[in-house]
Amino acid sequence: MISSVLIKNPVVGASLSTTPDSPPIYTPLFGLAITIKLSSFVSHPPRIRRPITTASALSQSSPSSPELSMADETVPSPSMKLLFVEMGVGYDQHGQDITSAAMRACRDAISSNSIPAFRRGSIPGVSFNEMKLQIKLGVPRTLQDSLDIEKVKTVFPYGRILSVEVVDGGLICSSGVHVEEMGDKNDDCYIVNAAVYVGY
């Protein structure tokens, strides 16, 4: 937290100092009255990333790409030369299937993008076969064990998937209606967020 603030008024050439216990300062600036409170300068605590024990890092079967563990690499990996980040959100309003929501989130992330650089040789020395993907999914914690990551990976038509990381995220909310004929067990709607990192 900032302990004091020095305020200079370029109009009248005056300087004022305030501390956390000082009242708000009213100072004229170009004919306007500005209210300054020290609370506006309080710095926020840093965001803390908590590892999720159910997080998985699974790679497509390839003799040249050994499977990664979350202890070895996180998403995005500094070892991959990152080119694009694609983001999406997916919903499963009926049926309560978290895997369906995750697949829709991944489709949403990649469906409005075209990446011709790999096929056209726009990156010197990099071929199409060297395209790599890393996927990060925000999934409600209580549903993470139900997520079928292998099924989610089938969404991606090409690119070597290095890892899939699952973290706390997404949402469980009410869809407002319980439709048994659509497989509903209740009125829960599942929401998943996806970030797809593309590089080589």
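These figures come from a predicted structure and were not determined experimentally. (Residues numbered from 1 in each chain as written. Predicted model: local features only at pLDDT ≥ 70, side-chain atom pairs only at ≥ 80, totals over all residues. Heavy atoms only, no water.)

Caption draft 1: Focus on the overall build of the protein chain. For the protein chain, the count of helices and strands is 3 helices and 9 strands. Per-residue burial over the protein chain gives 36% buried out of 200 residues. In the protein chain, the proportion of contacts linking residues at least 24 apart, taken out of those at least 6 apart, comes to 69%. For the protein chain, the accessible area works out to roughly 12,200 Å², and carbon and sulfur atoms hold 55% of it. (Helix = DSSP H or I, 4+ residues; strand = E, 2+ residues; numbered from the N terminus. Buried < 20%, exposed > 50% of the residue type's maximum accessible area, 1.4 Å probe, protein only. Contact = heavy atoms within 4.5 Å. Areas by Shrake-Rupley, 256 points an atom, 1.4 Å probe, with all protein chains shown as cover.)

Caption draft 2: Structural context of the pattern of salt bridges. Applying the stated criterion to the full structure yields 3 salt bridges. Between Asp168 and Arg141 there is a salt bridge, with the nearest N and O atoms lying 3.0 Å from each other. With a gap of 27 residues between them, Asp168 in strand 7 (residues 160–168) and Arg141 in the loop between strand 6 (132–139) and helix 3 (149–153) connect regions that are remote in the sequence. The shortest N-O distance in the salt bridge between Glu150 and Lys153 comes to 3.3 Å. Taken together, the positions of Glu150 and Lys153, both in helix 3 and 3 residues apart, correspond to about one turn of that helix. (Salt bridge = Lys/Arg side-chain N within 4 Å of Asp/Glu carboxyl O.)

Caption draft 3: A nonpolar patch on the surface, seen in detail. Together, Leu82, Val85 and Met87 line one region of the surface with nonpolar side chains, adding up to about 290 Å² of accessible area. With respect to the helices and strands, the residue Val85 is situated in strand 5 (residues 82–92). (Patch = residues over 30% accessible without salt bridge, like charges linked within 9 Å, V, L, I, M, F, W, Y side chains within 5 Å.)

Caption draft 4: Spotlight on the confidence of the model for the protein chain. When pLDDT is averaged across the protein chain, the result is 76; 64% of the residues are at 70 or more. Averaged over each element, pLDDT in the protein chain is lowest for strand 4 (residues 32–36) (47) and highest for helix 1 (residues 98–110) (98). Low pLDDT (under 50) marks residues 29–72, which in the prediction has 78 contacts with non-local residues, meaning those over four places away or in another chain. (pLDDT = per-residue confidence, 0-100.)

Caption draft 5: Structural view of the packing of aromatic side chains. According to the stated counting rule, one finds 1 aromatic pair in the structure shown. The ring centre of Phe128 lies 3.9 Å from the NZ or CZ of Arg119, which sits over that ring. Between the NZ or CZ atom of Arg119 and the centre of the ring of Tyr158, over which it lies, the distance is 5.6 Å. (Phe/Tyr/Trp six-rings, centres within 6.5 Å; stacked < 30°, edge-to-face > 60°. Lys NZ or Arg CZ within 6 Å of the ring centre and 35° of its normal.)

Caption draft 6: Examining the environment of Ser111 more closely. Tracing the chain through its elements places Ser111 in the loop between helix 1 and helix 2 (117–120). In the structure, Ser111 is positioned 23 residues away from Gly88 in sequence and 9.3 Å away in space, judged by C-alpha atoms.

Caption draft 7: Just the environment of Phe118, in detail. Examined against the element boundaries, Phe118 turns out to sit in helix 2. Under the relative-accessibility criterion, Phe118 is labelled buried at 2%. Sequence separation between Phe118 and Tyr200 is 82 residues; the distance between their C-alpha atoms is 9.3 Å. Leave out the neighbours within four places in its chain, and Phe118 touches Leu83, Ile123, Val126, Ser127, Phe128, Met131, Val198, Gly199 and Tyr200.

Caption draft 8: Fine view of the pairing of strand 6. Counting buried residues in strand 6 gives 6 out of 8 residues, a clear majority hidden from the surface. Of the strand pairs in this sheet, strand 6 and strand 7 are connected by 8 bridges, and their pairing is parallel. Of the residues in strand 7, the one forming a bridge with Leu133 is Ile161. Pairing of strand 6 with strand 9 (residues 188–199) involves 7 bridges; the strand directions are antiparallel. The residue bridging Lys136 from the neighbouring strand is Ala195, located in strand 9. (Pairing = 2+ DSSP bridges.)

Caption draft 9: Structural context of helix 1. In this model helix 1 runs 19 Å from its N-terminal to its C-terminal C-alpha over 13 residues, within 8% of the 18 Å that 1.5 Å per residue would give. For helix 1, the elements touching its buried residues are strand 5, strand 6, helix 3 and strand 9. Where helix 1 begins, the side chain of Asp97 points an oxygen toward the backbone nitrogen of Thr99, at a separation of 3.0 Å. (Expected span 1.5 Å × (residues − 1). Polar contact = N/O pair within 3.5 Å; in protein donor to acceptor, adjacent residues only side chain to side chain.)

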